[in-house]
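# Notes for the structure review
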Amino acid sequence: MKNWDINRLSGALGAEVQGIDLATVSSSDIAEIRRLLDEHMVLFFPRQHLSVEEHVALGRHFGELEGHPNLKNPYLDHPEVFELAASNGGIADEWHTDLTFQEQPSLMSILNMVKCPETGGDTMWANLCDAFDALSPPMQELCAGVTALHDALPHNHPEQMAIHPVIRIHPETGRKALYVNEHFTRRIVEMNAPESAALLDFLTGWVQNPRFTVRYRWSEGAIGIWDNRCTQHYVLNDFSEERVIQRVTVVGDQPTGEGARWPAWLNDGRRSAVSRHDRQLALFLKSRNQD
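Rules used throughout
Residues numbered from 1 in each chain as written. Predicted model: local features only at pLDDT ≥ 70, side-chain atom pairs only at ≥ 80, totals over all residues. Heavy atoms only, no water. Salt bridge = Lys/Arg side-chain N within 4 Å of Asp/Glu carboxyl O. Helix = DSSP H or I, 4+ residues; strand = E, 2+ residues; numbered from the N terminus. Buried < 20%, exposed > 50% of the residue type's maximum accessible area, 1.4 Å probe, protein only. Core = buried A, V, L, I, M, F, W, Y, C linked by side-chain atoms within 4.5 Å. Pairing = 2+ DSSP bridges. Axes fitted to C-alpha atoms, helices over the stretch in contact; angles between N-to-C directions. Contact = heavy atoms within 4.5 Å. Phe/Tyr/Trp six-rings, centres within 6.5 Å; stacked < 30°, edge-to-face > 60°. Lys NZ or Arg CZ within 6 Å of the ring centre and 35° of its normal. Expected span 1.5 Å × (residues − 1). Arc of directions from axis to C-beta.

Now for the pattern of salt bridges. Evaluated as defined, the whole model comprises 15 salt bridges. Note that R186 is salt-bridged to D151, the shortest N-O span being 2.7 Å. Pair noted here: R186 is in strand β12 (residues 185-188) and D151 is in strand β8 (residues 147-152), with a separation of 35 residues, a long-range link. R186 gets classed as buried once you look at its relative accessible area, which sits at 14%. Residue D151 is classed as buried on the basis of its relative accessible area, which comes to 0%. Note that D253 and R229 form a salt bridge whose closest N and O atoms lie 3.7 Å from each other. Here R229 lies in the loop between β14 (223-227) and β15 (231-235) and D253 lies in the loop between β16 (244-250) and α6 (276-290), a separation of 24 residues in the sequence. Judged by relative accessible area, which is 6%, R229 ranks as buried. In the salt-bridge network here, residues are joined through shared partners; they are R168, E172, D227, R229 and D253.

Right under this line is the structure:
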């Protein structure tokens, strides 16, 4: 056991870790961080002040890194670092899991708080496993049998799509996570449009219940590491000063679940008006069948 000071931040998830220098981590340090991440889902390391090179080197200990597929950095020119500046519109103030519109969404994110406002700009995370566990058994059974379409419409790329199980099974812990979010998830594949909208409205609101969350007050130089397979996060847009973050992202794996129990609902136009999401789903399924 490492001689680190570990302080849990909420009943649901999150811990702050002190007593480690992330610029000089060993293989055993990385193994312990992985273990703590499985336990707490998001970890915070204050007063690290990593350089860009040290930040990237830390990320590479966990796997291959990827830049953002759609968004450009405002200042930093580095292929493996994604940068957001509030003065350039970089405020992720909608609940989301990173890059779920990809076939292999990011596995882990490592954030470096380069510049933060004196007050405001906190980030919240939600525990998607606790959110699933708190559903009633009938709702759990329904959600485990359906899938959802995700797209990059918020990035002006609705053609970038993926279908993932609504209930994702974490490959390390075996826990089930409620894997839909208000930012990227468009519809339930096996339901018609009104049913899909009703279920998604409920589920995306459900994960935001305060009992599933932690809220972290940033300081400059702090590092945050979170598991994208079982969390969502949200930035509080309650500040006016500059806020700059730099993030490295570990390439993800294929989400797995129990599999759909029903075929996709494809509206042929005779039941009701065909929505944009109906057309989007039909085109995506057609493209997959052609591959």
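Judged by nonpolar contacts, the single largest core of 40 residues is most densely connected at W125, V166, L178, I188, L203 and W218. Secondary-structure elements contributing two or more residues to this core are β3 (42-45), β5 (82-85), β6 (108-115), α3 (128-133), α4 (137-144), β11 (176-178), α5 (193-206) and β13 (213-216). Counting 26 residues, the second-largest nonpolar core is a separate cluster that includes L37, V52, V81 and V250.

Strand order in this open sheet of 3 strands is β13-β7-β15, and the pairing throughout is antiparallel. One side of each edge strand has no neighbouring strand; the edge strands of this open sheet are β13 and β15. Neighbour to neighbour, the strand axes of the sheet diverge by 20 degrees on average, direction disregarded.

Among the 6 residues that make up β8, 6 are buried, leaving the element largely enclosed by the rest of the structure. Inspection of the sheet shows β8 paired to strand β9 (residues 157-165) by 6 bridges, in the antiparallel sense. Bridge pairing in β9 places L149 opposite I163. With antiparallel pairing between neighbouring strands as the criterion, β8 and β9 make up a hairpin whose turn holds 4 residues, including N156 at a positive phi of roughly 65 degrees.

A few words on the environment of A260. You can see A260 is positioned in the loop between β16 and α6. Take A260: its relative accessible area is 42%, and that puts it in the partly exposed class. The sequence separation of A260 and V189 amounts to 71 residues, and the corresponding C-alpha distance is 9.1 Å. When sequence neighbours within four positions are dropped, the list of residues in contact with A260 reads G145, T147 and E190.

Right, let's talk about the packing of aromatic side chains for a bit. Aromatic rings in a pair are described by how distant their centres are and how their planes are angled relative to each other. Scanning all chains against the criterion turns up 10 aromatic pairs. Taking 5.2 Å as the distance between ring centres and 85 degrees as the angle between the ring planes, the aromatic pair formed by Y216 and W218 counts as edge-to-face. The two residues Y216 and W218 agree in class, both being buried. Cation over ring: R168 sits above Y179, and NZ or CZ is 5.0 Å from the ring centre.

Moving on, we come to helix α1 (residues 27-40). For α1, with 14 residues, the first-to-last C-alpha span of 20 Å sits near the 20 Å given by 1.5 Å per residue. Regarding α1, the residues found buried are D29, I30, E32, I33, L36, L37 and H40. Seen end-on, α1 carries its buried residues on one side only, within an arc spanning 160 degrees. On its buried face, α1 sits against β1 (5-8), β2 (15-18), β3, α2 (52-60), β6 and β14. Phi for M41, located one or two positions after α1, is positive at around 75 degrees.

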